[in-house]
Amino acid sequence: MEDQVMTSETVEARTARREDEIQLRELAERYARMMDRMNFDWLPQVFAEDGVLAGPGYEMTGHDQLRQGLQSLDQFSATLHSVLNTYFEIDGDRATGEIYCVANHVHEIESIPFKLDMGIRYEDTYSRVAGEWVIARRAFNMVWETHRPMRLDAQGKPLAAEA
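It should be emphasised that the depicted structure is a prediction, and the values quoted were computed from it without experimental measurement. (Residues numbered from 1 in each chain as written. Predicted model: local features only at pLDDT ≥ 70, side-chain atom pairs only at ≥ 80, totals over all residues. Heavy atoms only, no water.)

Attention now goes to unusual backbone geometry. Unusually for a residue other than glycine, M38 sits at a positive phi of about 50°. Relative to the helices and strands, M38 resides in the loop between α1 (11-37) and α2 (43-46). According to the relative accessible area criterion, M38 is partly exposed, its value standing at 29%. Its identity as a non-glycine residue notwithstanding, S111 has a phi of 70°, on the positive side. By the element assignment, S111 lies in the loop between β4 (94-109) and β5 (112-129). For S111, a relative accessible area of 45% translates into the label partly exposed. (Helix = DSSP H or I, 4+ residues; strand = E, 2+ residues; numbered from the N terminus. Buried < 20%, exposed > 50% of the residue type's maximum accessible area, 1.4 Å probe, protein only.)

Here the focus is the pairing of β4. Two strands pair when backbone bridges link them, and strand β3 (residues 78-91) and β4 are joined in this way by 12 bridges, in the antiparallel orientation. Looking at β4, one finds that V83 is bridged to C101. Adjacent in sequence and paired antiparallel, β3 and β4 are bridged by 2 residues, among which G92 carries a positive phi angle near 65°. Looking at chain direction, β4 and β5 are connected through 16 bridges and run antiparallel. In the strand pairing of β5, T96 is matched with T125. (Pairing = 2+ DSSP bridges.)

In this section: the packing of aromatic side chains. Under the definition given, this model contains 4 aromatic pairs. Of the aromatic side chains, those joined through ring pairs into one cluster are Y31, F47, Y122 and F140. When the ring centre of Y31 is taken as reference, the NZ or CZ atom of R138 above it lies at 4.2 Å. In this arrangement the basic side chain of R138 is found over the ring face of Y122, its NZ or CZ atom lying 4.0 Å from the centre. (Phe/Tyr/Trp six-rings, centres within 6.5 Å; stacked < 30°, edge-to-face > 60°. Lys NZ or Arg CZ within 6 Å of the ring centre and 35° of its normal.)

Relative to the helices and strands, G69 resides in helix α3 (residues 62-70). Sequence spacing of G69 and V106 is 37 residues, and the spatial spacing of their C-alpha atoms is 19 Å.

With respect to the element layout, D74 can be found in the loop between α3 and β3. For the pair formed by D74 and H107, sequence separation is 33 residues and the distance between their alpha carbons is 9.7 Å.

Right, here's the structure in full:
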């Protein structure tokens, strides 16, 4: 008979941890939805009041700076942020996490449609405020990037957008 691996985590604690993980995953999806819809009125449901978004060469703190900085997405005619793998470490009302994402961005250069794709790994710190998880700090890490025309002719030359 094999020995059974015993854990010190109770059923109740495991259930609570799983519920927190679900809520944190939903927060990652809420961030993606906010970005794709460019609805920055949702910032209070995503970031803490003094929440930070940082990446290479920038750091935005608080809802006003976040709203102003994220408006730069308006250069794209469409975006699609797909949340992939998630990993969380939860400690009471604080947590850390890694979120893997592929973000697609559509725009035009001289009437030629282009798509900018990014493989992203976010490193997050979360806090629970009034019973709801929010991002306290998000670090943007670009893993890879491609930028190419969306349509090519038979010779591989970019085609302009169809009228």
